[in-house]
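# Residue-level structure breakdown
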Amino acid sequence: MINNTTQKIEIVKVQHSKINEVDFDNLSFGKTFTDHMLICDFKDGKWEIPKIVPYQPITLDPTARIFHYGQSVFEGMKAYKDVQDNVWLFRPLENCKRLNISSKRLAIPELPEDYFMEGLKTLLQLDKDWIPKSEGNSLYIRPYIFATGKGLHASPSDEYKFIIVCAPSGAYFSGKVKVLIEEKYSRAANGGVGFAKAGGNYAGQFYPTQLAIDKGYHQVIWTDNNTHDYIEEAGAMNIFIRINDTLITAPTSDRILDGITRKSIIDIAKDEGINVEIRKITVKEVVDASNNGSLKEMFGTGTAAVISPIESFRCKNQDYILPELENSYGSLLKKRITDIQTNKAKDTFGWRYKI
Ligand code: PLP
Ligand code: COI
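## Remarks on the overall build of the chain
- Assigned secondary structure in the chain consists of seven helices and 19 strands.
- Over its C-alpha trace the chain gives a radius of gyration of 21 Å, about what one expects of a compact globule, namely 20 Å for 355 residues.
- The C-alpha extent of the chain, read off along each of the three principal axes, is 65 × 55 × 35 Å.
- Burial analysis of the chain (355 residues in total) assigns 52% to the buried set.
- Carbon and sulfur atoms make up 48% of the accessible area of the chain, which totals about 16800 Å².
- Side chains of the chain give 45 positive and 45 negative charges; the mean places of these two sets differ by 1 Å.

Below, the structure is given as structure tokens:
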């Protein structure tokens, strides 16, 4: 039941499940979708009660504002199944809050928290057989909102859709990544939308990222838009840099997404007794540390990739190789966070959320 209403989420079930067509031993990321999706419309100034329907295409007017003015925000989350078949989410209210923070910046109306939470829970209960149990796999969940209102006037839409789709998924990256430190392009600027999970932020990354891929790198390390001197994010991940035994990550700002994995890793690292510094870090400091041997590790953090170790980085036409470590903080922290997420370890932080 949705709070403050007497209405229940309406469910239309599929007649035939597609689950037997899926090879759960060879899952890629975000390519196969579960039987059902959640859909919720904003019309006449309010969000309607969400519905769950068979996964299906949607029809939009050619002038829907999303096509012209890009009003769209999204989230990324995962559901996990433990050995007893219990289903868990990780800090889902943080995603709900961040969706509304992103929406506010894009002039999209706030979605009531219980529409998000009740809708998500109902969808997961229905499609729980799709949640992979095997190591490294999970159900990737994509909640998103976009403008559906008609018309070419460059102003906020009067209608929106909130949708949740779910994809049983494997790893986002298959191994360590080679990155290129960006010196020309930027993903975000002061006063802009970098802190929001706005669709357009990702569109703006594709071209510079493709240039990096063409040169043999997997990802771009984003630097500040003003001087390109400061390290900010690693593609669609936050970034951590270990110099000697200190783990450094840039403070969040207008330009940096407040990653849920990032803040969890900061807390777990502190709990492990690791010295964590949340401060600005220059490209020069990282290059100097690599040259003098004090640079031990770099890794990206995010829901999709969890912790993605960086093998090497390129800066001003030179490649710098990270050492192979026996006591990698990245490996230790990845194990601790995934053990909490999958109910293999005690959750002293209270982050796990049972469905
Ligand atoms: N930074 C950007 C730009 C992202 O798109 C993401 C992905 O969600 C992250 C960081 C990591 O955020 P989170 O850990 O909440 O998934
Ligand atoms: C996530 O980590 O969930 C993201 O949203 C990154 C995405 C662009 C795959």
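## What to know about the nonpolar core
- Ranked by size, the top nonpolar core spans 38 residues in total, and within it W47, F116, I141, I145 and F162 carry the most contacts.
- Among the elements of the structure, β2 (36-43), β6 (77-81), β7 (87-90), α2 (92-105), α3 (113-126), β8 (138-147) and β9 (160-169) are those that each provide at least two residues to this core.
- Among the elements that make up this core, the one with the highest residue count is α3 (six residues).
- For I141, the contacting residues outside a window of four places in its chain are E75, G76, M77, K78, A79, L89, L120, L124, I164, V165 and C166.
- Within the second largest apolar cluster, 25 residues are counted, among which are I231, I243, I281 and V283.

## Here we look at the domain arrangement of the chain
- Split into domains, the chain comes out as domain 1 (5-169) and domain 2 (177-341).
- Facing 20 residues of domain 1, the contacting portion of domain 2 comprises 21 residues.
- Taken together, both faces of the contact between domain 1 and domain 2 bury some 1700 Å²; the carbon and sulfur share is 62%.
- Seen at the junction of domain 1 and domain 2, the total is one salt bridge.
- Applying the counting rule to domain 1 against domain 2 returns 11 residue pairs in polar contact (both at pLDDT 80 or more).
- Where the side of domain 1 that touches domain 2 is concerned, the elements lending two or more residues are β5 (72-74), β6, β7 and α2.

## Re the environment of N201
- By the secondary structure assignment, N201 is in helix α4 (residues 199-214).
- Classification of N201 as buried rests on a relative accessible area of 6%.
- In this structure the C-alpha to C-alpha distance between N201 and W47, which are 154 residues apart in sequence, comes to 25 Å.
- N201 has contacts with R187, V193, G194 and A196, leaving out every residue within four places of it along the chain.
- Polar side-chain contacts of N201 include one of 2.9 Å to the backbone oxygen of V193.
- A polar side-chain atom of N201 sits 2.8 Å from the main-chain carbonyl oxygen of A196.

## Quick look at the site of ligand 1
- Near ligand 1 lie 15 residues; those nearest to it are K197, Y202, E233, T261 and T303.
- One of the side-chain nitrogen or oxygen atoms of K197 is found 2.6 Å away from an oxygen atom of ligand 1.
- Taking Y202, its side chain carries an N or O atom lying 2.4 Å from an oxygen atom of ligand 1.
- When the free accessible area of ligand 1 is taken as 380 Å², the share hidden by the protein chains comes to 96%.
- Those elements giving two or more residues to the shell around ligand 1 turn out to be β13 (237-243), α5 (260-271) and β16 (295-302).
- Class assignment for the residues of the shell around ligand 1 results in five nonpolar, six polar and four charged.

## A few points about the site of ligand 2
- In the vicinity of ligand 2, the contacting residues are F74, G76, Y140, R142, Y172, K197, Y202, A236, T303 and A304.
- At a separation of 2.6 Å, an oxygen atom of ligand 2 approaches a polar side-chain atom of Y140.
- In isolation ligand 2 offers 280 Å² of accessible surface; the protein chains occlude 88% of this area.

## Focus on unusual backbone geometry
- A positive phi angle, near 50°, is found at R91, a position not held by glycine.
- Positive phi, close to 60°, is recorded for V306, a residue that is not glycine.
- In this fold, V306 is placed in strand β17 (residues 306-315).

## Some details on the pattern of salt bridges
- Scanning the entire structure with this criterion turns up 20 salt bridges.
- D85 is paired through a salt bridge with K133; the nearest N and O atoms lie 2.6 Å apart. A residue pair is termed long-range when its members are at least 10 positions apart, and D85 in the loop between β6 and β7 and K133 in the loop between α3 and β8 qualify at 48 residues.
- Taking relative accessible area as the criterion, D85 reaches 43% and is therefore assigned partly exposed.
- Close ionic contact of D319 with R314 constitutes a salt bridge, the shortest N to O distance being 2.7 Å.
- Since its relative accessible area comes to 37%, D319 is described here as partly exposed.

## Points about the packing of α5 against helix α7 (residues 329-341)
- Packing of α5 against α7 leaves a shortest axis separation of 10 Å and a crossing angle of 110°. Relative to α7, the element α5 is oriented roughly perpendicular. Of the two elements, α5 crosses α7, and the hand of that crossing is right-handed. Between α5 and α7, the residues in contact are T261, S264, I265, I268, A269 and D271 and L333, R336, I337 and I340, respectively.

Parameters and conventions
Residues numbered from 1 in each chain as written. Chains lettered and ligands numbered in written order. Predicted model: local features only at pLDDT ≥ 70, side-chain atom pairs only at ≥ 80, totals over all residues. Heavy atoms only, no water. Helix = DSSP H or I, 4+ residues; strand = E, 2+ residues; numbered from the N terminus. Rg over C-alpha atoms; globule rule 2.2 N^0.38 Å. Buried < 20%, exposed > 50% of the residue type's maximum accessible area, 1.4 Å probe, protein only. Areas by Shrake-Rupley, 256 points an atom, 1.4 Å probe, with all protein chains shown as cover. Lys, Arg positive; Asp, Glu negative; His and termini not counted. Charge placed at Lys NZ, Arg CZ, Asp CG, Glu CD. Core = buried A, V, L, I, M, F, W, Y, C linked by side-chain atoms within 4.5 Å. Contact = heavy atoms within 4.5 Å. Domains from an automatic or database assignment. Buried area = accessible area lost by both parts, 1.4 Å probe. Salt bridge = Lys/Arg side-chain N within 4 Å of Asp/Glu carboxyl O. Polar contact = N/O pair within 3.5 Å; in protein donor to acceptor, adjacent residues only side chain to side chain. Near = heavy atom within 4 Å. Nonpolar A, V, L, I, M, F, W, Y, C, P; charged D, E, K, R; others polar. Axes fitted to C-alpha atoms, helices over the stretch in contact; angles between N-to-C directions. Parallel < 35°, antiparallel > 145°, perpendicular 65-115°, else oblique. Left-handed = near helix turned anticlockwise from the far one by under 90°.

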